[in-house]
Amino acid sequence: MSTDIRDDLTRYLKASEALTRTASEVEQLGRSEAVETYRSQLDLLGRRLQTNPRAFREMFITDGMGAVAAEFRQPELSVEFATTLWDKLLAGNDASLVLMRFIWNLPLGGKRKFIRALDQHLSGRYPVFAGLSDGWPANSAIPPYVRTPEERSEDFELVNQGYLGYLSLGYTQREVDLLVWLEALRDKQCADKPCQLGELLAGRKEPKGGCPVQVAIPDMMQLLGTGHFREAMDLIESINPLPNVTGRVCPQELQCQSVCAHSGRPIEIGQLEWFLPQRERLVNPGGNTAKYVGVPDPWQLATKPPIAVVGSGPSGLINAFLLAAEGHPVTVLEAFHRLGGVLRYGIPEFRLPNSLIDDVVGKIEALGGRFVTNFVVGKTATLAELKDAGFAHIFVGSGAGLPRFMNVPGEHLLNVMSANEFLTRVNLMQGHQDDYETPLPVCRGKQVMVVGGGNTAMDAARTARRLGGHVTIAYRRTQDEMPARVEELQHALEEGVQLATLRSPREFIGDDATHFVRAAVLEVMALGEPDASGRRRPVATGQTETVAADLVIMALGNSANPIIKDSEPTLTVTTAGALELTEGSQATSIDGVYSGGDATRGGSTAVKAAGDGQAAAREITEASDLPAAEIRAMVARARRFSDLAGAANVITGRRELGQGIVELEVYAPLIARSARAGQFVRVLGEPKGELIPLTLADWDAEAGTIVLVVQGMGTSSRRINQLSVGDQLAGVAGPLGQPSELHRFGADQTVVFTAGGVGLPPVYPIAREHLRLGNHVTLIAGFRNADLLFWVGEGERVDALQAEFGDLLDVVYTSNDGSFGIEGFVTVPLKQMLDANEGGEGRRIAEITTIGPPLMMRSVSDLSKPYGVRTIASLNSIMVDATGMCGACMVPFVADGRLVRKHACIDGPELDVHAIDWDKFLPRFNLFKAQEAQSRARHGFA
């Protein structure tokens, strides 16, 4: 046996002996009291580690933080320590939170040391850190990410992408979180909270700056500074459910940031507010509404009175959210077919993505709130009718309304339009998209002039730039006096928009052949003494200059829309037409009706509107103490009304009347209930279609149906005519416009109607109302030929009127070719009647109503004017919204010898034909002729 083998064997025998001896000893000691105590303590420690691991982690972290604190006592942080510290912050775990809290609580000198280390040691890895320590925290910060002008000026993607925009540069979500945290580190936690509460100044009724919705900004900053992002979001949304909206469009430089202690470089408060809910969407998809899962349906509970909210703009949305969160059954009534009000139709998506509006709507729906679109309060139902329907309180957030114009010569020319119309065609109706049907003025390669200096002017100018226009903003003061947000003006200039300051349009010059605008005569202005706003008043110098202009967009603000006030005689308004509020309250002169936003302010900001909606919600909540049985009854009535208001507009009947002419019977119960002779509706056939004004031909309040006669002219009307019974229209709003003004006339008089072609359906209900009043009616119905006749056969509508009213109704038919009735136009028998009257014969014509092709109405106007007979025309002009908001349906009208604007949807549709300037009005029907022809060709309707 070798020596090595003997040695191994010897060691093995010794080890075995020792192991046996040790095992025996362990067994004996294991039964001792000391070891039993040790084992029980070890078992207890294990159980504690399982149930409360944080305590043990914090114990070890505390030891580590001592080392971190020691490093911060050094003159500067080393590259190794700074890199390691940043990597620990990036981990996003409990240790990261402890580090964030530690740095947040450091004195300013320690924080500066940390920022210097990032600048010196990590700027190669993060270029945004380069130079950060220069002037930090007062004058240096990491800015939100803004796309370059070259990237953005041709598309509608978001321009200022906030801190989340850094994701597109390859940053991770955690890195972006830390950029936001670094911005929060700049906060000084001011004891007087000026960013939230504002600064009280002598002689001022309201504080300077501050947050109109009272977001707890310092508390939000502390939560961000200690790494509690979700808690910061929950805090904001408990106060303001629209932070991702107001954070985008609020003029922070005039509100919270205007009084920031860092006057050189205010903290990006708006960007932080906007960041939080957007971050939540990324890290927790679906979490926006998940928090409301399981919230009881307030309509089922019926423990709080129901609320109607008029308008889904910023004031309406915050009001609806807060009241729904309090358990109120809420119904939001919106005049358009899509929600968001001015947030959607007025603000382009490169500033405010529609998805942010949809987020807010989703929260309200998750809380049980209901939305009814195509509902025009004051027309579909009045405020009084909403109260009768069971709504205990009403909040009116309907916005400002009518766009302002300058009333200078040439404003009637084609392609002179309001910013409201232009932006609505683009933002709401998506006219710039090839698969949408709403026509837009041609911008590409054209000279576009925007008149005005506010945010709306910037939105219009930047939109026209994206559509390919060469855009100039004409403003009567200097750039320093422009009320637009500094950021929006800066972005417009970066994108190539030009400024013509100290210039005000004096006249627009048109092409005599096409009637389109081609130039603007600008008055050269100078600045005089300050006016009431504190800005120096513009004064004309007497000098002018003429510049080319293919499209002119007026962005001069808005006046109050009269629809609601005209429907409620007891509603008190200001001299400017805005709803008047009780001092120190959001309450109007009608009990239970509150208001806010532009409806009362006449034109303001989204965040101030939101503040009004918030204040009104508090008042409504305090005024909602009603008996339980009464509340249940009100909720039941309001629910039935909401169901009826939101009912789908299904086609219940269809009949071909003639070539390209279709009669549709449509379920629209509330419109049928409110309809009056002479009114019309706004129809959207399909989601991507065009809004079309159609006169109400008939209605049945009991059946809940209305009758429309549609002549297929453009793409949208032709596609509507292809629908069948059972199909659904995308939306019908109304009844709109003023009803016919009816008078009782003498037995020897007659009311004459001249109806050309599809003018017969709108004439029919007005003539019927005159007959019911006891007036004699003479109906002159003209058709091109016998093949196009409708409603005149046995048992049809005209025949039924004849049978019902007998001698009170005379019917005269004409046809262009003489194939039916009198040969010629409707003016032939009308002239015979007028001449007979001149000779003292026949029934005396009390008034004439003419409805039909524009040229026919003009002919009737020219014919009747020398005879001095009152004559009115019903004008369904070019419209977009049909409630006065866009100003598109402008009618040049002579009043007291002066040319003024009338709007067919507000002042009409019936207007005095002898006061209409037909030479200026008729060309308007050709405004989008080329675009409509292109659309028809694209869809095979050429």
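Residues numbered from 1 in each chain as written. Predicted model: local features only at pLDDT ≥ 70, side-chain atom pairs only at ≥ 80, totals over all residues. Heavy atoms only, no water.

## Structural notes on the state of the cysteines
Our working definition: To count as a disulfide, a pair of cysteine sulfur atoms needs to be within 2.5 Å. The rule is simple: take the accessible area with a 1.4 Å probe, protein chains only, and divide by the maximum for that residue type; under 20% is buried, over 50% is exposed, in between is partly exposed.
This model, assessed by the stated rule, comprises zero disulfides. Residue Cys-211 stays outside any disulfide, its sulfur separated by 6.5 Å from that of Cys-256, the closest cysteine. On the basis of relative accessible area, Cys-211 is assigned to the buried category, the value being 9%. Left unpaired, Cys-443 is separated from the closest cysteine sulfur, that of Cys-886, by 16 Å.

## Remarks on the pattern of salt bridges
Oppositely charged side chains may form a pair once their charged atoms are brought near each other. Note the following rule: Think of a salt bridge as a Lys or Arg side-chain nitrogen and an Asp or Glu carboxyl oxygen that are within 4 Å of each other. Secondary structure elements follow DSSP: runs of H or I of four or more residues count as helices, runs of E of two or more count as strands, with numbering from the N terminus.
Counted by the stated rule, this structure contains 46 salt bridges. Across the pair Lys-363 and Glu-237 runs a salt bridge whose closest N-O atoms are separated by 2.6 Å. With Lys-363 in helix H18 (residues 354-366) and Glu-237 in helix H11 (residues 229-239), the pair connects residues that are 126 residues apart, well separated along the chain. Across the pair Arg-265 and Glu-268 runs a salt bridge, and its minimum N-O distance is 3.9 Å. Members of the salt-bridge network, linked through shared partners, are Arg-152, Arg-351, Asp-459, Arg-462, Arg-466, Glu-488, Glu-494 and Glu-495.

## Re helix H30 (residues 797-805)
Spacing of three or four residues puts side chains on the same side of an α-helix, whose turn is 3.6 residues. So the rule is basically this: Here the arc refers to the set of directions running from the helix axis out to each C-beta atom. Any pair of residues with heavy atoms lying within 4.5 Å of one another is described as a contacting pair.
Considered for burial, the residues of H30 that qualify are Arg-797, Val-798, Leu-801 and Phe-805. All buried residues of H30 project into a common sector of 100° when viewed along the axis, lining one side. Contacts made by the buried residues of H30 are with strand S17 (661-667), strand S20 (698-700), strand S21 (705-711), helix H29 (760-773), strand S25 (777-783) and strand S26 (809-815).

## Some thoughts on the environment of Ile-848
Within the secondary structure layout, Ile-848 lies in strand S28 (residues 844-851). Along the sequence, Ile-848 and Leu-801 sit 47 residues apart, while their C-alpha atoms lie 19 Å from each other. The contact partners of Ile-848, leaving out residues within four places of it in the chain, are Val-752, Thr-754, Leu-830, Leu-834, Val-860, Ser-864, Val-869, Arg-870, Thr-871 and Ile-872.

## As for the nonpolar core
The test is simple: Buried Ala, Val, Leu, Ile, Met, Phe, Trp, Tyr and Cys residues form a nonpolar core when they are joined through side-chain atoms within 4.5 Å.
Counting 96 residues, the largest nonpolar core has Trp-86, Leu-89, Phe-114, Phe-129, Trp-181, Leu-182 and Met-220 as the members making the most contacts within it. With near-sequence residues (within four places) excluded, Leu-89 lies in contact with Ser-96, Leu-99, Met-100, Ile-103, Phe-114, Arg-174, Leu-178 and Trp-181. If you look at the next biggest cluster of nonpolar residues, it comprises 52 residues, including Val-666, Val-709, Ile-720 and Phe-790.

## Considering the side chain of Thr-600
The topology assignment puts Thr-600 in helix H24 (residues 598-601). Judged by its relative accessible area of 15%, Thr-600 is buried. In this structure, Thr-600 is in contact with Ala-578, Leu-579, Leu-581, Ser-595 and Asp-612, ignoring residues within four places of it in sequence.

## Quick look at the packing of helix H21 (residues 455-466) against helix H22 (residues 486-494)
Heads up, the condition is: Axis definition: a line fitted to C-alpha atoms, limited for helices to the stretch in contact. Angles are taken between N-to-C directions and run from 0 to 180 degrees. Between 65 and 115 degrees an angle is taken as roughly perpendicular, under 35 as roughly parallel, over 145 as roughly antiparallel, and anywhere else as oblique. Less than a right angle of anticlockwise turn of the near helix away from the far helix marks a crossing as left-handed, whereas a clockwise turn marks it as right-handed.
Put simply, H21 and H22 touch, their axes get as near as 10 Å, and they point 25° apart. When the axis of H21 is compared with that of H22, the two are roughly parallel. In the crossing of H21 with H22, the sense of the turn from one axis to the other is left-handed. Contacts between H21 and H22 involve Asn-455, Met-458 and Arg-462 from the former and Glu-488, Leu-489, His-491 and Ala-492 from the latter.

## Comments concerning helix H16 (residues 314-325)
Where we set the bar: Here a helix's expected span is defined as the number of its residues, less one, multiplied by 1.5 Å.
Here H16 is 12 residues long and its end C-alpha atoms lie 17 Å apart, about the 16 Å a rise of 1.5 Å per residue gives. Counting buried residues in H16 gives 11 out of 12 residues, a clear majority hidden from the surface. When H16 is considered as a whole, its buried residues turn out to be Pro-314, Ser-315, Gly-316, Leu-317, Ile-318, Asn-319, Ala-320, Phe-321, Leu-322, Leu-323 and Ala-324. Just past H16, the residue Gly-327 takes up positive phi, approximately 95°.

## So, unusual backbone geometry
Glycine aside, a negative phi is what most residues show, and trans is what most peptide bonds show. With omega at 5°, the peptide bond leading from Trp-136 into Pro-137 counts as cis. Note that the residue after Gly-908, namely Pro-909, is joined by a cis bond; omega there is 15°. As for its placement among the helices and strands, Pro-909 is situated in the loop between strand S31 (898-903) and strand S32 (910-912). The backbone of Gln-430 shows a phi angle near 55°, a positive value even though the residue is not glycine. Structurally, Gln-430 is set in the loop between helix H20 (419-428) and strand S7 (447-451). In this structure Gln-430 comes out as buried when scored by relative accessible area, which is 10%.

## Describing the sheet that holds strand S8 (residues 470-475)
Heads up, the rule is: Strands were regarded as paired on the criterion that DSSP finds at least two bridges between them.
Spatially, five strands are ordered S6-S13-S7-S8-S9 in an open sheet, and the strand pairing comes out parallel. The strands lining the two open edges of the sheet, one partner per strand, are strand S6 (416-418) and strand S9 (498-501). Across the sheet, the axes of successive neighbouring strands diverge by a mean angle of 25°, strand direction being ignored. In this sheet, strand S13 (residues 551-554) lies alongside S6 in parallel orientation, the contact comprising three bridges. By the bridge assignment, Ser-418 is partnered in S13 with Met-554. Contacting S7, S8 and S13, H21 runs over the sheet at an angle of about 165° to S8.

## Quick notes on the pairing of S28
For the record, the criterion: We call a crossover right-handed when, viewed with the strands running away from us, the connection from the first strand over the helix to the second turns clockwise.
For S28, a buried count of seven out of eight residues is recorded, marking the element as mostly surrounded by other parts of the structure. Looking at chain direction, S28 and strand S29 (residues 871-874) are connected through three bridges and run parallel. Paired with Thr-849 across the strands is Ile-872, a residue of S29. After leaving S28, the chain enters helix H32 (residues 854-864) and then returns to the sheet as S29, a path that is right-handed.

## Quick word on the sheet that holds strand S1 (residues 307-310)
A sheet is described by the order of its strands in space; here five strands give the open sequence S3-S2-S1-S4-S15, paired in parallel fashion. Of all the strands in the sheet, just strand S3 (370-372) and strand S15 (593-595) have a single pairing partner and so form its edges. Going across the sheet, the axis of each strand differs from the next one's by a mean of 20°, ignoring polarity. As paired strands, S1 and strand S4 (residues 393-396) are joined by four bridges and run parallel to one another.

## Focus: the environment of Thr-827
Residue position: Thr-827 is located in helix H31 (residues 827-838). Residues Thr-827 and Met-857 lie 30 residues apart in sequence; the distance between their C-alpha atoms is 9.7 Å.

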